[in-house]
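Given next are the chains, with one letter for each unit.
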Amino acid sequence: MNILVIGSGGREHALAWQCAKDNNVQRVYIAPGNAGTALEPKCQNIVLADDTKDHSTIIEFCKNKAIDMVIVGPEAPLVAGIVDACRDAGIPAWGPSAYCAKLEGSKTFAKEFMAQHNIPTAAYQGFTDAKSAKAYVSEQGAPIVIKADGLAAGKGVIVAETVTDAHNAIDDMLADNKFGDAGSRVVIEQFLQGEEASFICMIDGKNILPMATSQDHKRAFEGDTGPNTGGMGAYSPAPVVTSAVHDKVITQIIQPVVDGMNAAGHPYTGFLYAGLMIDESGNPFVIEFNCRFGDPETQPILMRLQSSMVDLVSQGLAGELPKQAKWNERPALGIVIASKGYPETSSKGDAISGLPELDPDNKSTVKVFHAGTAFANGKQPDNLDAARATDNDNDKEIVTDGGRVLCVTALADTILDAQQEALAVTGAISFEGAQYRRDIGHHAITRKLS
């Protein structure tokens with residue numbers, strides 16, 4: 001089989017790595033990929049269209065390379081309709097249609113959909129006018145949540161602790177255009193109390209296959225403080241998702257999405273991510289929907305996956321998803337190393353040192369997934385096979401190329417052990433301005449120790 005994975009982040013590295021492990025896979029192409037995906041056995045980076053709406057180049061490539069399966073990683077091409085275009089061209093593509101992807105592409109659409117189908121979520125109002133939005137905030141008080149309506153790379157959510165902070169966020173989005181078109185409309189939500197969790201499923205239009213549970217850490221700094229980011233680390237499983245909570249999420253949230261989309265004439269296929277707040281009584285509320293696998297949740301989840309991702313996607317494309325996948329019982333934890341200035345800015349071109357030796361046989365319990373990385377001077381080694389066989393010499397050729405640079409992911413007997421193993425490898429990696437959290441997994445560790 002030949003597979004195309006679309007995207008360049010840590011999620012796409014993990015997906016490509018999992019697919020390449022399948023014995024039936026001959027080649028995994030990643031468009032555009034990163035330095036890490038380029039070095040994986042059976043993997044090859046390719047440069048296709050930069051414009052997410054330019055589907056013709058992708059379709060032509062798939063036909064020329066006899067691609068058997070397209071897996072779409074990030075949200076932008078999904079919202080732009082890449083899956084619809086591939087299917088129209090007879091190319092099997094895993095992901096939701098553009099209509100279904102509006103669950104992530106528009107906060108307003110998602111909130112209206114949840115209200116229509118009685119899916120538990122925070123009370124909200126939508127605004128395009130800053131004055132009206134500020135008046136609503138002043139009436140409601142703080143803390144309160146301000147969200148850019150459209151796609152903002154995971155950074156368009158502000159949890160305002162004061163009314164002044166909320167007003168400033170509204171000005172940033174509606175007046176100063178900080179998030180471009182994504183912030184031309186804002187959704188203002190009630191602040192929910194509880195513990196967050198990520199609930200990710202595969203859906204084939206009717207069947208639901210839950211992935212292993214996980215918990216993301218969105219705040220930039222330790223103790224869950226600082227600005228929201230795309231995610232500074234994650235671990236799996238999430239103890240807050242008990243069996244009772246799990247059942248509630250399926251019956252109250254996931255199944256209504258499946259039923260609602262079918263009723264609208266747009267069956268949901270692909271990954272569905274429900275970002276949840278679990279209250280003290282174990283009731284789940286939807287903070288957000290994403291129409292793809294989470295990042296960095298993908299990395300620890302796929303470290304635990306023992307089923308073939310290729311088989312699961314194939315079954316999903318055939319409308320025959322199983323009810324369960326096979327998982328390693330050990331937990332996994334991933335720590336994101338971000339570049340200087342993230343999430344407000346990002347530094348590029350900084351040399352990365354201390355990357356561990358390549359592990360083509362996948363025997364190590366620690367895996368470094370690349371996200372914002374590239375080869376120095378934008379060039380790949382002339383001989384990738386030789387580079388793959390080289391130990392540490394090649395890491396001198398890798399530089400930073402974005403906000404979240406790496407995700408060091410460890411599989412161990414306990415969450416604490418996984419944290420410590422990931423921290424040991426993380427601490428050996430360096431580049432100018434590198435930043436990471438040392439407390440990823442603290443909720444689960446505290447539960448275990450209490």
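Treat the numbers as computed from the prediction; the structure is a model and nothing was measured. (Residues numbered from 1 in each chain as written. Predicted model: local features only at pLDDT ≥ 70, side-chain atom pairs only at ≥ 80, totals over all residues. Heavy atoms only, no water.)

A. A look at the packing of helix H8 (residues 130-140) against helix H9 (residues 163-175). Orientation of H8 relative to H9, taken along the N-to-C sense of each, is 160°, at an axis distance of 10 Å. Between H8 and H9, the angle falls in the class roughly antiparallel. As H8 packs across H9, the resulting crossing turns out to be right-handed. Only Val-163, Ala-166, His-167, Ile-170, Asp-171 and Leu-174 of H9 make contact with H8, whose side of the interface consists of Ala-130, Ala-133, Lys-134, Val-137 and Ser-138. By residue class, the composition of the contact of H8 with H9 is seven nonpolar, two polar and two charged. (Axes fitted to C-alpha atoms, helices over the stretch in contact; angles between N-to-C directions. Helix = DSSP H or I, 4+ residues; strand = E, 2+ residues; numbered from the N terminus. Parallel < 35°, antiparallel > 145°, perpendicular 65-115°, else oblique. Left-handed = near helix turned anticlockwise from the far one by under 90°. Contact = heavy atoms within 4.5 Å. Nonpolar A, V, L, I, M, F, W, Y, C, P; charged D, E, K, R; others polar.)

B. Region of the structure containing helix H14 (residues 415-428). The terminal C-alpha atoms of H14 lie 20 Å apart, and with 14 residues this matches the ideal 20 Å at 1.5 Å per residue to within 8%. Looking at H14, one finds that the buried residues are Ile-415, Ala-418, Gln-419, Ala-422, Leu-423, Val-425 and Thr-426. (Expected span 1.5 Å × (residues − 1). Buried < 20%, exposed > 50% of the residue type's maximum accessible area, 1.4 Å probe, protein only.)

C. Summary view of the pairing of strand S4 (residues 69-72). Residues of S4 alternate between two faces, with Met-69 and Ile-71 on one and Val-70 and Val-72 on the opposite face, all of them buried. Alignment of strand S1 (residues 2-7) against S4, held across four bridges, turns out to be parallel. Bridging across to S4, Ile-3 finds its partner in Met-69. Judged from the two bridges that link them, S4 and strand S5 (residues 93-94) form a sheet pairing that is parallel. Bridging across to S5, Val-70 finds its partner in Ala-93. (Pairing = 2+ DSSP bridges.)

D. A look at the sheet that holds strand S8 (residues 157-160). Spatially, the four strands line up as an open sheet ordered S6-S9-S7-S8, and their pairing is antiparallel. Each edge of the open sheet carries a strand with a single partner, namely strand S6 (124-127) and S8. Averaged over all pairs of adjacent strands, the angle between strand axes in this sheet comes to 20°, irrespective of strand direction. When strand S7 (residues 144-148) meets S8, the two strands line up antiparallel, connected through four bridges. By the bridge assignment for S8, Ile-144 is matched with Ala-160.

E. Region of the structure containing the side chain of Arg-304. Its place among the elements puts Arg-304 in helix H11 (residues 298-304). Among buried Asp, Glu, Lys and Arg side chains, Arg-304 stands out as unpaired, with Glu-329 the closest opposite charge at 8.0 Å. Within polar-contact distance, the side chain of Arg-304 engages the side chain of Ser-236 at 2.9 Å. (Lys, Arg positive; Asp, Glu negative; His and termini not counted. Salt bridge = Lys/Arg side-chain N within 4 Å of Asp/Glu carboxyl O. Polar contact = N/O pair within 3.5 Å; in protein donor to acceptor, adjacent residues only side chain to side chain.)

F. Quick look at the pattern of salt bridges. The final tally for this structure, using the stated rule, is twelve salt bridges. A salt bridge links Asp-224 to Arg-437, with the nearest nitrogen and oxygen atoms 2.9 Å apart. Within this pair, whereas Asp-224 is found in the loop between strand S13 (219-221) and strand S14 (225-228), its partner Arg-437 is found in the loop between H14 and helix H15 (442-449), the two being separated by 213 residues in sequence. Glu-432 is paired through a salt bridge with Lys-340; the nearest N and O atoms lie 3.3 Å apart. With Glu-432 in the loop between H14 and H15 and Lys-340 in the loop between strand S18 (332-338) and strand S19 (348-351), the pair connects residues that are 92 residues apart, well separated along the chain. For Lys-340, a relative accessible area of 38% gives the class partly exposed. If you follow the salt bridges from partner to partner, you end up with Glu-75, Glu-104 and Arg-292 in one network.

G. Spatial organisation of the environment of Gln-315. Mapped onto the elements, Gln-315 comes out in helix H12 (residues 309-317). In sequence terms Gln-315 and Asp-204 are 111 residues apart; their C-alpha atoms lie 8.3 Å from each other.

H. Focus on the sheet that holds strand S12 (residues 215-216). On the basis of which strands lie adjacent, the open sheet formed by five strands has the order S12-S15-S18-S23-S20 and antiparallel pairing. The strands lining the two open edges of the sheet, one partner per strand, are S12 and strand S20 (366-370). Bridging between S20 and strand S23 (residues 404-411) involves five bridges; their strand directions are antiparallel. Residue pairing for S23: Val-368 is matched across the bridge by Val-408. Sheet strands in contact with H14 are strand S15 (233-236), S18, S20 and S23, and its direction is about 30° off that of S18.

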